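Inside the fold
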Amino acid sequence: MRKDNKMLRRMAAGSLAAVMLLGSASAAGFTDTDGHWAKSYVDSLSAKGMIQGYEDGSFRPDGQVTYLETLTFVSRLYSREGVPTDTIVKKWQSVIEDAMQGSAAWSYTNLALCLEAGVLTQAELQELTEAGQISEAADREDLAVYLTRAMQLAPVAATLRTYSLTFPDAAKISKDAMASVYLLNKIGVIEGMDDGTFQPQGKVTRAQVATMLSRAINYMEANGLEAVFPNYTTYTCEGGTVTACTQEESGLKLTIQLPGGESRTISVPTSALLIQDGAKTTGQNIMAGAFARIRYTAADTKTVQQVWLLSTPKTAEGAVQQVDENYLVIKDSAGVTRTYLLDRLTQVWAGGKAGDRSLIDPEAGYAYADCITDGTGRILSLHLQGGGYKEEGILTQAADGQLLLTGVSGALSRYSLPASAFIQVNGVSGSLTEDLVGRWVTLRLSYDTNQVTSVSVDGKTQYVRGVLESTASYQGSQTIRITDISTGESVGYRLVANCPVTYDGKETTLSNLNNGSLLTLKMEGSEVAQIQGASGSWTVTGSMAQLTFGDNILLEVQPENGPSQLFSLETKNLPAIYRDGEKSSIDRLSSADTLTVAVVGGKVSRIDAKTQSVTLTGTVDRVSFEAQGNLLYLRAADGTVQSYVLSAGVQVVRGSTTIQLSDVVGGQVTMTVVNGLVTRVELEDSAAAAGELTGKVLYVNTGDRVILLESDNGQGRVSVSVPTSAKIMRVTGTTVSLNSLETGASLQIFGSYKGEQFEATMVLVK
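Residues numbered from 1 in each chain as written. Predicted model: local features only at pLDDT ≥ 70, side-chain atom pairs only at ≥ 80, totals over all residues. Heavy atoms only, no water.

1. Things to note about the overall build of the protein chain
Rules: Numbering goes from the N terminus for both helices and strands, where a helix is a DSSP run of H or I of at least four residues and a strand is a run of E of at least two. For every residue, the accessible area obtained with a 1.4 Å probe (protein chains only) is divided by the maximum for its type, and the residue is called buried under 20%, exposed over 50%, and partly exposed between those limits. We call two residues in contact whenever any of their non-hydrogen atoms come within 4.5 Å of each other. All accessible-area figures derive from a Shrake-Rupley calculation using a 1.4 Å probe, and residue coverage is judged against the displayed protein chains alone. In this tally Asp and Glu are treated as negative and Lys and Arg as positive; neither His nor the chain ends contributes. The atoms used to mark charge sites are NZ of Lys, CZ of Arg, CG of Asp and CD of Glu.
A count of helices and strands for the protein chain gives 12 helices and 47 strands. Projected onto the principal axes, the alpha-carbon positions of the protein chain cover approximately 115 × 80 × 45 Å. Counting over 766 residues, the protein chain shows a buried share of 46%. Across the protein chain, contacts joining residues at least 24 apart in sequence account for 58% of those joining residues at least 6 apart. On the protein chain, roughly 37600 Å² of surface is accessible, and the fraction owed to carbon and sulfur atoms is 46%. Where the 62 positive side-chain charges of the protein chain centre and where its 80 negative ones centre are 1 Å apart.

Spelled out as structure tokens, the structure:
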């Protein structure tokens, strides 16, 4: 909507006055400020280069200031070196041009800074311009609101629980401005008029705005406050609710609870700046329930530089309607829809991970959100619940309720496919068939259960995987040559114009791809429409968790730390396999071996097996003499039973005495296993009594984690220690807690004696 021409003319006419007030050049001294009550404040800002006088040398301290001039003046808190002014102006340019309709162009940079800092909202700017108010003299109470926001004290004002104004005309102050007026009066930025009143609707003069800004600057400098744009900060930070704060010689031990419930204790050195509710503070004043944002030094993220605290933050929760990196829309229990802002400093917990807003997946389908806010509509911490994450890749196998996907990196992943999963093929409901192998698949998995909730298959687009041989450009066209992984053939392709290229998920150019890189090509007819690259080479060391034979052999390796990794081996084209440095074969790989699997160009190139000796303990369930070999079935502490092949010359002993194999059945044994074969079985003395107890619960000491058991095997009352590492479960497999055990419950306990006390490794509730 076009604005009133008269109003626009007033705005243009006021521009010269604003420049005179807010110019960057400093005056040596003004001709009309001697003896004026505001002289020291005016001179202070003049010395800082924040104001200048008129051409006649005057300042005109009692002249009125418009809303536009007031906002421009306040924006000077953010006009300093290092502020990305050009970026901010570009971001807000269309909003400002729409509101200002081309008038007062000199003010656009200042308005952009105010909008980005939250001094002014987009709706407020639109309201000011549509009403023509922006060119009129500003009210004192509105200046108080703008200044509170600019000083970044708005959260303090918004979360004040009680406050009282002593001005005789306090009742005339608008409700939305009361907290700002109170706060600025409390910290000495605002004082009353000569008669003690505040005169909230009184018009702001040049002397008043200079005075309030000068006092604001002094207060911020004294309390370590910074006028910053959160989205353009670069330091590392984390935040949460304070649960404890203790004083030590080296500083503070501050314990916070992250949005997802995780607790973290942080060492805060004495050198760190503590700011609580907009003022410097000490550790003694930090109370549980406050929100703390811990800022770390740029060079060393382990050293705390500053702790910013808000004593009484607000909370909000509800069903998620929409969420992205900038906004959260929720519907609360009363059915009211509310919108909140996020920025780079917002602490986020989503999908079981803690971090910043980059964790948010707008397509995750989060169900619920609970958050801590600063009272102004900006989120300090956010916990997103429900929803799921995305995994993508080439469908490699779909059978028996399982999916195998090969990712862009070349890694193979296995997923269980529940019957409840929704399957789409080419955008419509469908099923996974053999002809879809080799097509691009997008999975959505639940954050809560890690189960697949939906499968989307692009059955129309062809994808090709290969290892880059070379690239070339000819007459404006780009071509590549790869070794196709499926066929082993060398194939050349032409790229479509402006073909997007990524490497490890980041944008790059074709010329930056190294020969030997693993490429996944999205085809458009006979040309390449997209290239996703990765190194395709890595090494994994661990134990063999599974070896499944079929058309392709599936090898699963379990590293010491981290999830297991799958490898698909072509039965007719196996990689080189070595055992202890000597050439070997796939059938000789054992679960007792340590395997090192080398992948080059997305394919397993070599497997090195290192034999090792393993010591196992447990109760012998039975011994079976079968045609394929003699087997010993060992029951582990967790109740699981595993069979082991006995070597031809297996030693079976009790102490120094050789015994029969049948003597160990039902006993507690220690076995030596080499390359999957049992070479020695040693029966422990009193094994049955030491390895297993049965009986009824007499008493449970949950504090010391001790069960008093009336045993069934004649040992009488036995004290059983249950460490936190011991499993407690029902025979159905359901895990239970120690304090849920009832007197008289029948237990089967596995473990061993430690002195007179039996230490459990597993407790079964019958």
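2. Observations regarding the sheet that holds strand S12 (residues 353–355)
Under the convention used in this document: A pair of strands is considered paired only if DSSP assigns at least 2 bridges between the two. Interaxial angles span 0 to 180 degrees and are taken between N-to-C directions of axes, which are lines fitted to C-alpha atoms, for helices over the stretch in contact.
The seven strands lie next to each other as S10-S9-S8-S13-S14-S11-S12, forming an open sheet whose pairing is mixed. Of all the strands in the sheet, just strand S10 (337–341) and S12 have a single pairing partner and so form its edges. Averaged over all pairs of adjacent strands, the angle between strand axes in this sheet comes to 30 degrees, irrespective of strand direction. Sheet topology note: the strand S8 (residues 314–323)/strand S13 (residues 368–373) ladder contains six bridges and is antiparallel. Across the sheet, residue Ala 316 finds its bridge partner in S13, namely Cys 371.

3. Looking at the pattern of salt bridges
Under the convention used in this document: By convention in these notes, a salt bridge is any Lys or Arg side-chain nitrogen within 4 Å of a carboxyl oxygen on Asp or Glu.
One pass over the full model with this rule turns up 21 salt bridges. Residue Arg 295 is joined to Glu 226 by a salt bridge in which the shortest nitrogen-to-oxygen separation is 2.9 Å. Residue Arg 295 is found in strand S6 (residues 291–296), and its partner Glu 226 is found in the loop between helix H11 (206–223) and strand S1 (237–248); the two are separated by 69 residues along the sequence. Residue classification places Glu 226 among the partly exposed positions, given a relative accessible area of 38%. The partner of Arg 338 in a salt bridge is Asp 332, with the nearest N and O atoms 3.4 Å apart. Overall, Arg 338 belongs to the partly exposed group, its relative accessible area being 40%. Salt bridges linked by common partners bring Asp 34, Lys 39 and Asp 43 together as one network.

4. A word on unusual backbone geometry
Located in the positive-phi region is Asp 400, a residue other than glycine, with phi close to 55 degrees. Looking at where Asp 400 falls in the secondary structure, it is placed in the loop between strand S15 (388–399) and strand S16 (402–406). One non-glycine residue, Asn 426, lies in the positive phi region at around 55 degrees. Accessibility expressed as a relative area gives 35% for Asn 426, which makes it partly exposed.

5. Thoughts on the pairing of S13
Pairing of S13 with strand S14 (residues 379–385) involves six bridges; the strand directions are antiparallel. Across the sheet, the residue bridging to Tyr 368 is Gln 385, located in S14. Linking S13 to S14, which pair antiparallel, is a turn of five residues; within it Gly 375 sits at a positive phi near 90 degrees.

6. Notes on H11
To keep things clear, this is the line we draw: For a helix, the expected span equals 1.5 Å multiplied by the number of residues minus one.
Between its terminal C-alpha atoms H11 stretches 26 Å, which fits the 26 Å expected from 18 residues at 1.5 Å a residue. When you tally the buried positions in H11, you get 15 out of 18 residues, the bulk of the element.

7. Notes on the sheet that holds strand S4 (residues 273–276)
A sheet is described by the order of its strands in space; here seven strands give the open sequence S3-S2-S1-S6-S7-S4-S5, paired in mixed fashion. Both outer strands of the open sheet, strand S3 (263–269) and strand S5 (279–280), are each paired with one neighbouring strand and no more. Two strands pair when backbone bridges link them, and S6 and strand S7 (residues 304–310) are joined in this way by six bridges, in the antiparallel orientation. In the sheet register, Arg 295 faces S7, and the bridge partner there is Gln 306.

8. A short note on the environment of Val 614
Tracing the sequence through the fold places Val 614 in strand S36 (residues 613–626). For Val 614, the contacting residues outside a window of four places in its chain are Ala 592, Met 671, Thr 672 and Val 673.

9. Brief notes about the nonpolar core
Threshold: Throughout, nonpolar core names a set of buried Ala, Val, Leu, Ile, Met, Phe, Trp, Tyr and Cys residues whose side chains join them through atoms within 4.5 Å.
With 76 residues, the main nonpolar core has Leu 77, Ile 96, Met 100, Val 119, Leu 125, Leu 147 and Met 151 as its most contacted residues. Ranked by residue count, the leading element in this core is H11, at nine residues. Sequence-distant contacts of Ile 96, defined by excluding residues within four places in its chain, comprise Gln 101, Tyr 108, Leu 111, Ala 112, Leu 115 and Leu 125. Among the nonpolar cores identified, the runner-up in size contains 20 residues, and Val 697, Val 718, Val 736 and Ala 745 belong to it.

10. Thoughts on the packing of aromatic side chains
What counts here: By convention, a stacked pair of Phe, Tyr or Trp rings (six-membered ring in the case of Trp) has centres within 6.5 Å and planes under 30 degrees apart, an edge-to-face pair has planes over 60 apart, and any other such pair is tilted. Geometrically, a charge over a ring is one whose NZ (Lys) or CZ (Arg) sits within 6 Å of the ring centre while staying within 35 degrees of the ring normal.
A full pass over the atoms with the stated rule returns seven aromatic pairs. Seen from their ring centres, Tyr 78 and Phe 229 are 4.9 Å apart, and the 40 degrees between their planes marks the pair as tilted. One end of the pair, Tyr 78, is in the loop between helix H4 (67–75) and helix H5 (85–100); the other, Phe 229, is in the loop between H11 and S1, and 151 residues separate them in sequence. This pair shows no difference in class: Tyr 78 is buried, exactly as Phe 229 is. By way of ring pairs, the aromatic residues Tyr 366, Tyr 389 and Tyr 447 are connected into one cluster. Positioned above the aromatic ring of Tyr 235 is the side chain of Arg 295, whose terminal nitrogen or guanidinium carbon lies 3.9 Å from the ring centre. One cation-aromatic arrangement involves Arg 606 over Tyr 578; the distance from NZ or CZ to the ring centre is 4.0 Å.

11. Quick word on the packing of H5 against helix H6 (residues 108–117)
Formally: Comment on the angle field: the value is read as roughly parallel under 35 degrees, roughly antiparallel over 145, roughly perpendicular from 65 to 115, and oblique elsewhere. Under this grouping Gly is polar, as are all residues other than the nonpolar Ala, Val, Leu, Ile, Met, Phe, Trp, Tyr, Cys and Pro and the charged Asp, Glu, Lys and Arg.
The geometry of H5 relative to H6 is characterised by a closest axis approach of 8 Å and an angle of 100 degrees between their N-to-C directions. Between H5 and H6, the interaxial angle falls into the category roughly perpendicular. From H5, Thr 85, Ile 88, Val 89, Lys 91, Trp 92, Val 95, Ile 96, Glu 97 and Met 100 reach across to H6, where they touch Tyr 108, Thr 109, Leu 111, Ala 112, Leu 113, Leu 115 and Glu 116. Across the contact of H5 with H6, the residue classes tally to 11 nonpolar, two polar and three charged.

12. Overview of the confidence of the model for the protein chain
As a reminder of what qualifies: Each residue carries a pLDDT score, the predictor's confidence in it, ranging from 0 to 100.
When pLDDT is averaged along the protein chain, the result is 89, and 94% of the positions lie at 70 or above. Within the model, the stretch residues 1–27 combines pLDDT values under 50 with 64 contacts to residues more than four positions away or in other chains.

13. Looking at the side chain of Thr 461
The criterion, for reference: N or O atoms within 3.5 Å of each other form a polar contact, as long as, within protein, one can give a hydrogen and the other can take it, and as long as residues adjacent in sequence are counted only when both atoms are side-chain atoms.
For Thr 461, the location among the structural elements is in the loop between strand S21 (452–458) and strand S22 (463–474). Here Asp 458 takes part through its side chain, which lies 2.8 Å from a polar atom of the side chain of Thr 461. Here Thr 461 is in contact with Arg 439, Lys 522 and Met 523, once residues within four sequence places are set aside.

14. Here's the deal with the pairing of S21
One ladder, built from four bridges, connects strand S18 (residues 422–425) with S21; its direction is parallel. Its bridge partner lying in S21, Ile 423 is registered against Val 455. Of the pairings in the sheet, the one linking strand S20 (residues 440–446) to S21 comprises six bridges and is antiparallel in character. By the bridge assignment for S21, Val 441 is matched with Val 457. The antiparallel pairing of S20 with S21 creates a hairpin that spans five residues between the two strands, and Asn 450 there sits at a positive phi of about 60 degrees.

15. What to know about helix H7 (residues 122–130)
What counts, and what does not: The directions considered for the arc run from the helix axis to the C-beta atoms.
The set of residues buried in H7 consists of Leu 125, Leu 128 and Thr 129. Buried residues in H7, looked at end-on, bunch into an arc of 95 degrees, giving them a common side. Exposed positions of H7 whose direction lies more than 90 degrees from the buried face are Ala 123 and Glu 127. Positive backbone phi, at 75 degrees, marks Gly 132, one or two positions downstream of H7.

16. Details of the environment of Asn 515
Inspection of the secondary structure assignment puts Asn 515 in the loop between strand S26 (506–508) and strand S27 (518–524). With a relative accessible area of 54%, Asn 515 lands in the exposed category. Sequence separation between Asn 515 and Arg 149 is 366 residues, and the spatial gap between their C-alpha atoms is 55 Å. Setting aside its immediate chain neighbours within four residues, Asn 515 contacts Leu 468, Glu 469 and Ser 470. One polar contact links the side chain of Asn 515 to the main-chain carbonyl oxygen of Glu 469, over a distance of 3.1 Å.

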